[in-house]
Amino acid sequence: QVQLVESGGGLVQPGGSLRLSCAASVSIFSINAMGWYRQAPGKQRELVATITSGGTTTYRYSVKGRFTISRDNAKNTMYLQMNSLKPEDTAVYYCAAGISIVSWGYWGQGTQVTVSS
C-alpha cells in the first residue's frame, strides 16, 4: 500500500510562486508514473502534469512554461514548482501514483492552493 501526502499549498498573490511536495510512504524508484491533478470548486478534476520513472514529463497546455514537475527518488518525493501563478490556478491539488499515466492506483488527500490579491 502506497500512502501519498501533499504539502506546500497556501495563499499566494498573482504572479507568485509555490512548490508543492508529495511524499510517498514507500520507495518511488519503482513507481512507473506519478502526477499532479487539481480540482477547482464546481469543476471536474483535471490532470496538471505527469512524470515517469524515466523522467518523461507532460503538462496541460495552460501550465506549460510556468509549472515544473520533478521527482527525487532518494527522498521518495515528487514536486510541482509553480511560477507566475494566476487566479485560475486556484484549486485543491492532488498527487497520484500508478503503473502508468492512465492507471492511477494511489492518491493523496490534497492541498489547497489559492491565488488571490
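Structural data are supplied above this passage.
A short tour of the structure in this document, coming up. Only a predicted model underlies this, so the values are computations on that prediction, with no experimental measurement involved. (Residues numbered from 1 in each chain as written. Predicted model: local features only at pLDDT ≥ 70, side-chain atom pairs only at ≥ 80, totals over all residues. Heavy atoms only, no water.)

A closer look at the pairing of strand 8 (residues 77-82)
For step 1, the next point in the chain: Among the six residues that make up strand 8, five are buried, leaving the element largely enclosed by the rest of the structure.
For step 2, the next point in the chain: Judged from the six bridges that link them, strand 3 (residues 18-24) and strand 8 form a sheet pairing that is antiparallel. Within strand 8, the position partnered with S21 by the bridge is Y79.
For step 3, the next point in the chain: Pairing of strand 7 (residues 67-72) with strand 8, which is carried by six bridges, proceeds in the antiparallel orientation. Bridging from a neighbouring strand, D72 pairs with T77 of strand 8.
For step 4, the next point in the chain: In sequence, strand 7 turns back onto strand 8 through a hairpin of four residues, with N76 there showing a positive phi of about 55°. (Buried < 20%, exposed > 50% of the residue type's maximum accessible area, 1.4 Å probe, protein only. Helix = DSSP H or I, 4+ residues; strand = E, 2+ residues; numbered from the N terminus. Pairing = 2+ DSSP bridges.)

Side note on unusual backbone geometry
For step 1, the next point in the chain: Positive phi, normally seen in glycine, also occurs at N76, with a value near 55°.
For step 2, the next point in the chain: Structurally, the position occupied by N76 is in the loop between strand 7 and strand 8.
For step 3, the next point in the chain: Its relative accessible area of 21% is what places N76 among the partly exposed residues.
For step 4, the next point in the chain: In this structure, S84 is a non-glycine residue whose phi angle is positive, near 50°.
For step 5, the next point in the chain: Mapped onto the secondary structure, S84 falls in the loop between strand 8 and strand 9 (91-100).

Describing the environment of I28
For step 1, the next point in the chain: Relative to the elements of secondary structure, I28 occurs in the loop between strand 3 and strand 4 (33-39).
For step 2, the next point in the chain: Taking relative accessible area as the criterion, I28 reaches 0% and is therefore assigned buried.
For step 3, the next point in the chain: Distance in space between the C-alpha atoms of I28 and R45 is 24 Å, their sequence separation being 17 residues.
For step 4, the next point in the chain: When sequence neighbours within four positions are dropped, the list of residues in contact with I28 reads M34, R71, D72, N73, N76 and T77. (Contact = heavy atoms within 4.5 Å.)

Focus on the pattern of salt bridges
For step 1, the next point in the chain: Going through the model one piece at a time under the given rule, you end up with four salt bridges.
For step 2, the next point in the chain: The closest approach of N and O atoms between D89 and R38, which form a salt bridge, is 3.0 Å. Separated by 51 residues along the polypeptide, D89 in the loop between strand 8 and strand 9 and R38 in strand 4 bring together distant segments of the chain. The pair formed by D89 and R38 is uniform in burial state, with each residue classed as buried. (Salt bridge = Lys/Arg side-chain N within 4 Å of Asp/Glu carboxyl O.)

Here's the deal with the packing of aromatic side chains
For step 1, the next point in the chain: Taken as a whole and assessed by the stated rule, the structure comprises two aromatic pairs.
For step 2, the next point in the chain: Residues Y37 and W104 carry aromatic rings whose centres are separated by 6.1 Å and whose planes lie at 90° to one another, so their mutual orientation is edge-to-face. Of this pair, Y37 sits in strand 4 while W104 sits in strand 10 (residues 103-107); the two residues are 67 residues apart in sequence, bridging distant segments of the chain. A single burial state applies to Y37 and to W104, both of which are buried.
For step 3, the next point in the chain: Aromatic ring contacts, followed pair by pair, group Y37, W104 and W107 into a single cluster.
For step 4, the next point in the chain: Between R45 and the ring centre of Y94, over which it is positioned, the NZ or CZ distance is 3.9 Å. (Phe/Tyr/Trp six-rings, centres within 6.5 Å; stacked < 30°, edge-to-face > 60°. Lys NZ or Arg CZ within 6 Å of the ring centre and 35° of its normal.)

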